[in-house]
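So the chains spell out like this:
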Amino acid sequence: MPARQDHRLARTDEHWLTLPNPHGVPVEICAGGDVPLERAAVTEALALLETAETLERLAEATPGYDGPAPRITRAALTPDFHKGSGIPIGTVLETEHALLPQAVGNDVNCGMRLEVTALRADRVRARLDALERRLRHLFFEGGRRIALTPVQREALLRDGLPGLLLAGPAPWRGARPDDADDALDRAHASGFPAATADAFADWVGSAGGAPGAASHDSVIGGIGGGNHFAELQYVAEVHDAAAAHAWGLTPGTVVTMVHSGSLSLGHQANATALDGLRAGWPAGLPRPRNGVLPFLLDERSEPARRRYLDAFGNAANFAAGNRYFLSLTMRAGLAAEFGDAAARLLYDAPHNLFWRDGDRVVHRKGATPAGGHAETAGGPYAMWGEPVIVPGSMGAPSFVLRGHGSPRTLASACHGAGRRIPRGASARGGDAALDAFLREFRVVTPLDHRDPATARRSDVMAAWRRDLKQEAPWAYKDIGPVVASLRGGGVAAPVAELRPLLTVKG
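Residues numbered from 1 in each chain as written. Predicted model: local features only at pLDDT ≥ 70, side-chain atom pairs only at ≥ 80, totals over all residues. Heavy atoms only, no water.

Colleague: Give me the lowdown on the sheet that holds strand β15 (residues 360–365), citing residues and values where you can.
Modeller: Read from one edge to the other, the open sheet built from seven strands follows the order β1-β2-β3-β4-β5-β15-β14, with strand pairing classed as mixed. Looking along the sheet, the strands with just one partner apiece sit at the ends: β1 (10–11) and β14 (352–357). Sheet topology places β1 next to strand β2 (residues 16–18); two bridges connect them, and they run antiparallel. From the neighbouring strand, R11 faces β2, where its bridge partner is L17. (Pairing = 2+ DSSP bridges. Helix = DSSP H or I, 4+ residues; strand = E, 2+ residues; numbered from the N terminus.)

Structure, rendered in structure tokens:
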């Protein structure tokens, strides 16, 4: 329901609300009057704030703890705020002397990667049928063929994408010499150093064959499920001519956008954290009612915390590599159809991650960094502010903005439009609406619904349609008011509007 109708929310001006709570945690919400917020998500946010009391009790019950009082210092909720798994999507949480793995979640370093090509929309639009066939083969019919050696796998997990690209030749289709430099200066974080990759030794050693030999990987380069995608878009409208020109976003230019994360590795990293927290929970202290288990930043928790941080770093690094290979697959499809389709990274930004600065930790779950001039000083975006990538729903426009480093949101913005309808309910949506959508928009999936043999399988088609309905436009908020809230609230300013040509869904 609209936030202004929820008695627990207090509107402070046209673009901001506060969330009063008995724990005294300052909570600000960037959401204009046209942006609906779920009552269930607000209830979930209030439950999350009970962790302030958990931290107090945990410090009291931990033997020998004599450090500073752990606390939640601030929280911000972005315009795409909606119910998640235990902690709402669109939550930014700042703590002191405490780390909350669940405030990042399972899909560690899920994020967006945006590349700018040299192609024009009219040329691509005329050959979408052929391009769809190529992309289906590349993504789903054995065409990826990403060969990695054990050395490269371990380099990626321990040192991130720069580690991978410096570990040896990059023989993959579409790879360019600029990629190594771009991984350092056109990404919010170039890597997350981990002391070991032991948590994922099975994947590192899964190359098989002769020692040191490369083998084709069946894991990396996968889109994943849910709202993850790889999309071909074009610049439809420019809102900031100077920034758009500097970033290569001229009208009609084709871009590729990738949204994916750490796949099963993130789930394993989060499970590592929860296993360690449960094992070390003080005897006699009841588990938190909201289920959120925090680490204190003390010596007692250091061994379990270190195991988690290494696994977390591995998963975060894998996610950045995964988005890179998804982009390479898009490059390969475009090159096969149109010749050499040069593509250059504009930005890679995470939206499920935490950032530690001494004893201060900023957690983001479904929220993207939106730094301003100070946060981007010394880099290629210092003049403009950090690129902020905000996708719409499938078939809807997306936006590229530039961040302002707003302290009210802890220099954060939303990572999308945000769900309007839960997945279960949207899966029961009308067939007529889905058919109308598919007549107007091209979705590339493992299943070719136009194939007569496939169309005759009613059971297969029913499952395919159910999955698409969960990500259909009616399940999501309108992107327009969401971006207007970011602009009006001083969080980020639109640079360009992107419209889709086709979407690849897993």
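There is more to say after this.
Colleague: Lay out the packing of helix α5 (residues 150–166) against helix α10 (residues 302–338) with the relevant residues and their values.
Modeller: Across the interface, α5 lies against α10 with an axial gap of 8 Å and an inter-helix angle of 30°. What the angle tells us is that α5 and α10 run roughly parallel. Taking contact as the criterion, the partners of L156, L157, R158, D159, G160, L161, L164 and L165 in α5 are, on α10, G313, N314, N317, F318, A320, G321, Y324 and F325. Within the contact of α5 with α10, the residues separate by chemical class into nine nonpolar, five polar and two charged. (Axes fitted to C-alpha atoms, helices over the stretch in contact; angles between N-to-C directions. Parallel < 35°, antiparallel > 145°, perpendicular 65-115°, else oblique. Contact = heavy atoms within 4.5 Å. Nonpolar A, V, L, I, M, F, W, Y, C, P; charged D, E, K, R; others polar.)

Colleague: Describe unusual backbone geometry, and please don't skip the residues or the numbers.
Modeller: Not every positive phi belongs to a glycine, and L410 is a case in point at roughly 55°. Checked against the element boundaries, L410 lands in the loop between β18 (398–403) and β19 (412–414). Judged by its relative accessible area of 7%, L410 is buried. Phi is positive for A411, which is not a glycine, with a value near 55°. The residue A411 is located in the loop between β18 and β19 in this model. (Buried < 20%, exposed > 50% of the residue type's maximum accessible area, 1.4 Å probe, protein only.)

Colleague: Quick rundown of the nonpolar core? Include the residues and the values.
Modeller: Note that soluble globular proteins tend to have their nonpolar side chains buried in a common cluster. Core analysis: the largest hydrophobic core is formed by 89 residues, its most contacted members being W172 and F325. With near-sequence residues (within four places) excluded, F325 lies in contact with I146, L148, L164, W172, I220 and G221. (Core = buried A, V, L, I, M, F, W, Y, C linked by side-chain atoms within 4.5 Å.)

Colleague: I'd like a rundown of helix α12 (residues 431–440), residues and numbers included.
Modeller: When α12 is considered as a whole, its buried residues turn out to be L434, F437 and L438. The arc that holds the buried residues of α12, viewed along the axis, is 95°, so those residues lie on one side. Exposed side of α12, more than 90 degrees from the buried face: A432, R439 and E440 are the residues found there. In this structure, the buried side of α12 is in contact with β20 (443–444) and α14 (458–470). (Arc of directions from axis to C-beta.)

Colleague: Give me the pattern of salt bridges: which residues, what numbers.
Modeller: Applying the stated criterion across every chain, the model contains 30 salt bridges. A salt bridge links E115 to R113; its shortest N-O distance comes to 2.9 Å. Comparing E115 with R113, the two get one shared label, buried. As a salt-bridge pair, R499 and E497 come within 3.1 Å of each other at their nearest N and O atoms. (Salt bridge = Lys/Arg side-chain N within 4 Å of Asp/Glu carboxyl O.)

Colleague: Any chance you could break down the confidence of the model for the protein chain for me, citing the residues and the numbers?
Modeller: For the protein chain, per-residue confidence averages 91 on the pLDDT scale, and 95% of positions sit at 70 or higher. Confidence drops under a pLDDT of 50 for residues 1–6, and excluding neighbours within four residues, the segment shows 17 contacts in the predicted structure. (pLDDT = per-residue confidence, 0-100.)

Colleague: Outline the packing of helix α9 (residues 263–279) against α10, listing residues and values.
Modeller: Packing of α9 against α10 brings their axes to within 9 Å, and their N-to-C directions diverge by 170°. By the angle between their axes, α9 is roughly antiparallel relative to α10. Facing α9, whose interface residues are L263, L265, G266, A269, T272, A273 and G276, α10 presents A304, R307, Y308, A311, F312, A315, F318 and N322. Residues that form the contact of α9 with α10 fall into these classes: ten nonpolar, four polar and one charged.

Colleague: Account for empty space enclosed by the protein, naming residues and giving values.
Modeller: By the definition in use, this model includes two cavities of 30 Å³ or more. Considering only enclosed or pocket space, the largest cavity measures out at about 100 Å³ in volume. Lining the largest cavity are 14 residues, with A187, A189, S190, A320 and D348 positioned closest to its centre. Mapped onto the lining of the largest cavity, the elements with two or more residues apiece are α10 and β13 (343–350). Per-element tally for the lining of the largest cavity: the top contributor is β13, with three residues. By volume, the second largest cavity is sized at about 40 Å³. For the lining of the second largest cavity, the elements supplying multiple residues, two or more each, are α1 (39–48), β4 (71–82) and β5 (89–96). Residues of the lining of the second largest cavity, tallied by class, amount to eight nonpolar, one polar and no charged. (1 Å grid on protein atoms, 1.4 Å probe; cavity = no way out; pocket = protein on both sides within 12 Å on 5 of 7 lines; lining within 4 Å. Points joined across faces, edges and corners; volume = space filled by probe spheres on them.)

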